[in-house]
Amino acid sequence: MQLTQRAKQVDRRPMTWLESIYLWNIAKGMMITLRHLFMKKKTVQYPEEKRTFSKVFRGLQILNRDEQGRENCTACGLCAVACPAEAISMEAAERQPGEEHLYREEKYAAKYEINMLRCIFCGYCEEACPKDAIYLSQTFAPSNYGRDGFIYKKQDLLIPHPIEDPAGFAKARGEKSVTN
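Small disclaimer: the values here were computed from a predicted structure and weren't measured. (Residues numbered from 1 in each chain as written. Predicted model: local features only at pLDDT ≥ 70, side-chain atom pairs only at ≥ 80, totals over all residues. Heavy atoms only, no water.)

Asker: Sorry, what's going on with the overall build of the protein chain here?
Answerer: Within the protein chain, the secondary structure is distributed over 7 helices and 5 strands. For the protein chain, the C-alpha radius of gyration of 26 Å lies well beyond 16 Å, the compact-globule estimate for 180 residues. When burial is assessed residue by residue, the protein chain has 28% of its 180 residues classed as buried. Here the analysis covers contacts within the protein chain between residues at least 6 apart in sequence; of these, 72% occur between residues at least 24 apart. Of the roughly 13800 Å² of accessible surface on the protein chain, a fraction of 56% belongs to carbon and sulfur atoms. (Helix = DSSP H or I, 4+ residues; strand = E, 2+ residues; numbered from the N terminus. Rg over C-alpha atoms; globule rule 2.2 N^0.38 Å. Buried < 20%, exposed > 50% of the residue type's maximum accessible area, 1.4 Å probe, protein only. Contact = heavy atoms within 4.5 Å. Areas by Shrake-Rupley, 256 points an atom, 1.4 Å probe, with all protein chains shown as cover.)

Asker: Would you mind going over the pattern of salt bridges with me for this structure?
Answerer: Opposite charge on two side chains lets them pair, provided their charged atoms get close. One pass over the structure, following the stated rule, counts 6 salt bridges. Between Arg13 and Asp11 there is a salt bridge whose closest N-O contact spans 2.9 Å. Here the two residues Arg13 and Asp11 agree in accessibility, since each one is exposed. We note a salt bridge from Arg70 to Asp66, for which the minimum N-O separation is 2.9 Å. Using a relative accessible area of 25% as the deciding quantity, one classes Arg70 as partly exposed. A relative accessible area of 7% places Asp66 in the buried class. (Salt bridge = Lys/Arg side-chain N within 4 Å of Asp/Glu carboxyl O.)

Asker: I'm lost on the sheet that holds strand E3 (residues 107–115) in this one. Help?
Answerer: Remark on secondary structure: sheet strands pair via backbone hydrogen bonds, oriented parallel or antiparallel. Strand order in this open sheet of 3 strands is E2-E3-E5, and the pairing throughout is antiparallel. In this open sheet, the two edge strands, each paired with only one partner strand, are strand E2 (88–94) and strand E5 (151–152). Alignment of E2 against E3, held across 7 bridges, turns out to be antiparallel. Paired with Ile88 across the strands is Ile114, a residue of E3. (Pairing = 2+ DSSP bridges.)

Asker: What should I look at first to understand the nonpolar core in this one?
Answerer: Nonpolar side chains in soluble globular proteins tend to end up buried together. By size, the foremost hydrophobic cluster in this structure holds 24 residues, and its most contacted members are Ile88, Tyr112, Ile114, Met116 and Ile134. Those elements giving two or more residues to this core turn out to be E2, E3 and strand E4 (134–136). Ranked by the residues each element gives to this core, the list is headed by E3, at 3 residues. Ignoring sequence-local partners within four residues, the contact set of Ile88 consists of Cys79, Ala80, Cys83, Tyr112, Glu113, Ile114 and Cys125. By size, the runner-up hydrophobic cluster in this structure holds 5 residues, among which are Ile62, Tyr135, Ile159 and Phe169. (Core = buried A, V, L, I, M, F, W, Y, C linked by side-chain atoms within 4.5 Å.)

Asker: When you look at helix H6 (residues 166–173) in this model, what are you seeing that I'm missing?
Answerer: Each α-helix winds once per 3.6 residues, and so residues spaced three or four apart point in a common direction. Among the residues of H6, Gly168, Phe169, Ala172 and Arg173 are the ones counted as buried. One side of H6 holds all its buried residues, which, seen down the axis, span an arc of 130°. The outward face of H6, more than 90 degrees from its buried face, is lined by the exposed residues Pro166, Ala167 and Lys171. (Arc of directions from axis to C-beta.)

Asker: Looking at this structure, how should I read the packing of aromatic side chains?
Answerer: The description of two aromatic rings rests on the distance between their centres and on the angle between their planes. Applying the stated rule across the entire model yields 2 aromatic pairs. Seen in terms of ring centroids, Phe53 and Phe57 are 4.2 Å apart; in terms of plane orientation they differ by 15°. Their pairing is stacked. Aromatic side chains Tyr103 and Tyr108 sit 3.7 Å apart centroid to centroid with 10° between the ring planes, which places their arrangement in the stacked category. Classification of Tyr103 as buried rests on a relative accessible area of 10%. (Phe/Tyr/Trp six-rings, centres within 6.5 Å; stacked < 30°, edge-to-face > 60°.)

Shown next, in the form of C-alpha cells:
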C-alpha cells in the first residue's frame, strides 16, 4: 500500500546500445553549457565592485555611542537573553567618579563579546535593547583564518568617537543617523 502518490516505478529494462553510449545525455549537457555561456555573469569582482544589499540587510553588530561619545550600553543583559544562539556574553561594572564622559549610566559593560560563529543575524539583540546600544549595520562580517578572529570584543564593536572622528562616526551610523 502506498502512502503518497509520489512513488515512481523503477525501469529495470536493460539499456540499448544507443543508450549505453550516453550520446543523448552528453548532448543535453552541452546544450546547458552553451546556454549558460551567453548568460549574464553573476560574479562580483569584490575589491573593485561592491555588491548592493537590501535596505533590510542585517550585517555586523555595532555598539552605539551618543553624540558626546559616551557608550549607550548599560549592561542590562537583555540582548544576551534574547539571543537564540547564545552568541553574546557580557560583564557589568559600576561607573567610577570621573568617568561620566565615558558612560551614560551608572552601569556599563566592562566586557562585551559576540561570537560571530554562533550569530544567526536574527536582530533580536537590536529589538531587545532599551537604550539603542546595539544594532545590525549594513556591513558583512569579514573572513578570518582562525576561530579567535570571529569573537568580536567590545573595542571591535564600538563605533568611532563622534568628536575625535566625526566622519567615521557618521559612516558607522549610516541609515541610523537619518532615522534617529
